[in-house]
Amino acid sequence: LIPFEEDRSMGLRPLGSIAFTSFVVLTAAMLPLIVTQWRDLRGAITGLLFFLGFVALFFASLYGLHRQMVKAKAAEMEQTHQLYVEAFQPIRARWSLECVAEQSARLTAAEAIERRAAAIQEWPLDEGLLARLAAIITSVLGVIVGRLILSRFGL
């Protein structure tokens, strides 16, 4: 992982991008094969099991990256918490406007660092990519389910 100051994804976005691209390519290749194999039940089940195994491996590896990123984000947030504690100690020792003024620069820096640490991504994929993927999957599933329902009524 690289420091979060340089990249919100801590350097893992290229890895997530490669994994997602391979997932899309395999999905684009496997789904038509699985759909056309329905007449040969053994071939369809084999293709479906292969595809589901790949999907499981994809999400398992992605989850491993996710755990690393969550752990790194938690460590960064803990460091910012320590900055706040150090900045507030003199203020708690003597409550005065002068003391708050003296510590204001440290508090402002701690707040800025906390905002940056909170912005660290927890998944190595771009949020927009996940939203587009969810939209595509739900629309495709909706069309398939709708077509199955209509075919039951002979339409």
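Since the structure is predicted, the reported quantities are computational estimates derived from the model, not experimental observations.

Q: Would you take a moment to explain helix α2 (residues 41–93) for this structure?
A: Taking 1.5 Å as the rise per residue, α2 with 53 residues should run 78 Å; its terminal C-alpha atoms sit 76 Å apart, in good agreement. At Ala87, α2 shows its largest kink, close to 25°, and the proline Pro90 lies no more than four residues downstream.

Q: So what exactly am I meant to see when it comes to the pattern of salt bridges here?
A: Side-chain pairs of opposite charge can arise whenever the charged atoms involved come near each other. Counted by the stated rule, this structure contains three salt bridges. For Arg115, the salt bridge goes to Glu111, with nearest N and O atoms at 3.7 Å. Here Arg115 and its partner Glu111 are both found in helix α3 (residues 97–118), four residues apart, which amounts to about one turn of the helix. Judged by relative accessible area, Glu111 falls into the partly exposed class, the value being 38%.

Q: Before we go on, may I ask you to explain the environment of Leu62 in this structure?
A: With respect to the helices, strands and loops of the structure, Leu62 is situated in helix α2. A C-alpha to C-alpha distance of 9.2 Å links Leu62 and Phe20, two positions 42 residues apart in sequence.

Q: How do you make sense of the confidence of the model for the protein when you look at a structure like this?
A: Segments scoring low in pLDDT should not have their predicted coordinates read at a detailed level. On average, residues of the protein score 80 in pLDDT, and 88% of them are at 70 or above. By mean pLDDT, the top-scoring element of the protein is α3 (86), and the lowest-scoring one is helix α1 (residues 13–36) (77).

Q: Help me understand the packing of aromatic side chains, please; the structure alone is not making it clear to me.
A: Any two aromatic rings considered together are summarised by their centre-to-centre distance and by the angle between their planes. A complete count under the given rule lists two aromatic pairs for this structure. With a centroid separation of 6.4 Å and 25° between ring planes, the pair formed by Tyr84 and Phe88 is classed as stacked. On the criterion of helical spacing, the pair formed by Tyr84 and Phe88 is a turn pair, its members being four residues apart in helix α2. Looking at Phe88, the relative accessible area reads 32%, which means it is partly exposed.

How each quantity is defined
Residues numbered from 1 in each chain as written. Predicted model: local features only at pLDDT ≥ 70, side-chain atom pairs only at ≥ 80, totals over all residues. Heavy atoms only, no water. Helix = DSSP H or I, 4+ residues; strand = E, 2+ residues; numbered from the N terminus. Expected span 1.5 Å × (residues − 1). Bend = angle between axes of the 7 residues up to and from the residue. Salt bridge = Lys/Arg side-chain N within 4 Å of Asp/Glu carboxyl O. Buried < 20%, exposed > 50% of the residue type's maximum accessible area, 1.4 Å probe, protein only. pLDDT = per-residue confidence, 0-100. Phe/Tyr/Trp six-rings, centres within 6.5 Å; stacked < 30°, edge-to-face > 60°.

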